[in-house]
Amino acid sequence: MTEAKSPVEPISLDHAVIVSGSMPLTTRTGFEFHVRPVEPSDKDALAEFFTHVSRDDLRFRFLSPIPEVRDSRLDDLVNVDHDHKEDYLAFDIDDKTVIASAMVGANDDKSEAEVAIVVRSDYKHRGMSWTFLKYVIDQARQSGIKKLQSIESRQNHAAIELEKEMGFSARSCPGDATLMLLEFDLTSHPPAP
């Protein structure tokens, strides 16, 4: 999942297809996609998305070996309050195909929030993870979140490396030597370009 660094640059607003209420983004490699907050009506599209995520990536995303994402978990992903809990969906420019998901869940005072991202297997290596994570960091900062945390399996080398390149600090997760805790202080500095 290690991808080339790329700042978030909006694509032209005269782009032929734009999802209503979404943000058009492009990576340094020129790959274009759209991002918007999840809606309850996205449940079927999200279920389809997870059928295109590798078993390893499912394990890394949910920190447990699950063969599939079941209905109750999908309900949790689409039924968010858009304040303390948000799930951002990335769509291919066809505006139908979900290609990534980024969940952000904050505590009551928004001093901390956990972030977890997963990208569809056939959309990796396009610079998307960097651009998507930068977008999520910017949105978290704008919503008043002070610190982002990511809990990663030590085996998820690509995600750990990407987050460290963006400015996350990394340390062993207290109480579980198989996990890494990565943190980004949103009050001190912007993410790396």
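Right above here is the structure, for reference.
All of the points below concern the structure found in this document.

A look at the pairing of strand 3 (residues 85-91)
So, point 1. Of all seven residues in strand 3, six are buried; the element is thus mostly enclosed.
So, point 2. Examined bridge by bridge, strand 2 (residues 32-37) and strand 3 share four bridges and lie antiparallel to one another. Each residue of the ladder has a partner; that of Pro37, found in strand 3, is Tyr88.
So, point 3. Of the pairings in the sheet, the one linking strand 3 to strand 4 (residues 98-106) comprises seven bridges and is antiparallel in character. Counted as the bridge partner of Asp87 is Met103 from strand 4.
So, point 4. Hairpin connection, strand 3 to strand 4: the antiparallel pair is bridged by six residues, and Asp95 has positive phi, about 65°.

Here we look at helix 5 (residues 157-166)
So, point 1. All buried positions along helix 5 are accounted for by Ala158, Ala159, Ile160, Leu162, Glu163 and Met166.
So, point 2. Contact partners of the buried residues in helix 5: helix 4 (128-142), strand 6 (147-153) and strand 8 (176-185).

Examining the environment of Asp56
So, point 1. With respect to the helices and strands, the residue Asp56 is situated in helix 2 (residues 55-62).
So, point 2. On the accessibility criterion, Asp56 (42% relative accessible area) is partly exposed.
So, point 3. Each C-alpha atom, one on Asp56 and one on Gln155, is 9.6 Å from the other, the two residues being 99 residues apart in sequence.

Conventions used here
Residues numbered from 1 in each chain as written. Predicted model: local features only at pLDDT ≥ 70, side-chain atom pairs only at ≥ 80, totals over all residues. Heavy atoms only, no water. Buried < 20%, exposed > 50% of the residue type's maximum accessible area, 1.4 Å probe, protein only. Helix = DSSP H or I, 4+ residues; strand = E, 2+ residues; numbered from the N terminus. Pairing = 2+ DSSP bridges. Contact = heavy atoms within 4.5 Å.

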